Amino acid sequence: QVQLVESGGGLVQAGGSLRLSCATSARTGSVYATGWFRQTPGKERAFVAAVSWGGGRTDYADSVQGRFTISRDNAKNTVILQMDSLKPEDTGVYYCAAGPNIAVLSARQADSWGQGTQVTVSP
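Below: a short report on this structure. Computed from a prediction, not measured in an experiment: that's the story for all the values here.

1. A few points about the nonpolar core
Then comes step 1: In this structure, W36, V48, F68, I70, L81, M83 and Y94 are the most contacted members of the largest nonpolar core, which totals 32 residues.
Then comes step 2: Those elements that place two or more of their residues in this core are β3 (18-25), β4 (33-39), β5 (46-51), β7 (68-73), β8 (78-83), β9 (92-99), α1 (102-106) and β11 (117-122).
Then comes step 3: Broken down by element, this core gets its largest block of residues, 5 residues, from β5.
Then comes step 4: Setting aside its immediate chain neighbours within four residues, V48 contacts W36, F37, R38, D59, Y60, A61, V64, F68, L81 and Y94.

Below you can see the structure in the form of structure tokens.
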């Protein structure tokens, strides 16, 4: 099982930036893709971005394309979500998640979840 811990959430004005980190841990030899989802009360959980184990492949939701960047540093067991040009509609709880591959995550499936970190974007 992959353990995931998110950090970096906070309050930012529209147009600003935040950098979310997902610290991951698993048994030696584990291979998994990692992604980010966000959830707002009363709305469906939404896929945001995913990155492959090797870091060479990424996928983004249309709503964040060109504004968010996901990356992986396996040496640090960390996945980063750099969020730029933030909009109020980006507000929500952001969850880091892990799955067997990027295709599964982009299909909005995951095997493991973090606790979430709150992101609030003011107008």
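Having seen the structure, we can now continue with the description.
2. Some words on the pattern of salt bridges
Then comes step 1: If you walk through the whole model with that rule in mind, you get 2 salt bridges.
Then comes step 2: Between D90 and R38 there is a salt bridge, with the nearest N and O atoms lying 2.8 Å from each other. Here the residue D90 occupies a position in the loop between β8 and β9, and R38 occupies one in strand β4, the gap between them amounting to 52 residues.
Then comes step 3: Residue classification places D90 among the buried positions, given a relative accessible area of 0%.
Then comes step 4: The salt bridge partner of D90 is R67, with a shortest N-O separation of 2.8 Å. Taken together, the residues D90 in the loop between β8 and β9 and R67 in the loop between β6 (58-60) and β7 connect sequence positions 23 residues apart. Side by side, D90 and R67 carry an identical accessibility label, which is buried.
Then comes step 5: By sharing partners, the salt bridges in this structure join R38, R67 and D90 into a single network.

3. A few points about the state of the cysteines
Then comes step 1: Inspection of the entire model under this criterion finds 1 disulfide.
Then comes step 2: Between the sulfur atoms of C22 and its disulfide partner C96 the distance amounts to 2.0 Å. In this structure, the disulfide formed by C22 and C96 twists by about -85° around the S-S bond and is classed as left-handed. Residue C22 is found in strand β3, and its partner C96 is found in strand β9; the two are separated by 74 residues along the sequence.
Then comes step 3: Residue classification places C22 among the buried residues on the basis of a relative accessible area of 0%.

4. Overview of the sheet that holds β7
Then comes step 1: Sheet architecture is open: 4 strands sit in the order β1-β3-β8-β7, paired in antiparallel fashion. In this open sheet, the two edge strands, each paired with only one partner strand, are β1 (3-7) and β7. The sheet shows a mean angle of 15° between the axes of neighbouring strands, taken without regard to direction.

Quick notes on the rules
Residues numbered from 1 in each chain as written. Predicted model: local features only at pLDDT ≥ 70, side-chain atom pairs only at ≥ 80, totals over all residues. Heavy atoms only, no water. Core = buried A, V, L, I, M, F, W, Y, C linked by side-chain atoms within 4.5 Å. Buried < 20%, exposed > 50% of the residue type's maximum accessible area, 1.4 Å probe, protein only. Helix = DSSP H or I, 4+ residues; strand = E, 2+ residues; numbered from the N terminus. Contact = heavy atoms within 4.5 Å. Salt bridge = Lys/Arg side-chain N within 4 Å of Asp/Glu carboxyl O. Disulfide = S-S within 2.5 Å. Pairing = 2+ DSSP bridges. Axes fitted to C-alpha atoms, helices over the stretch in contact; angles between N-to-C directions.

Taken by themselves, the reported measurements are silent on function.
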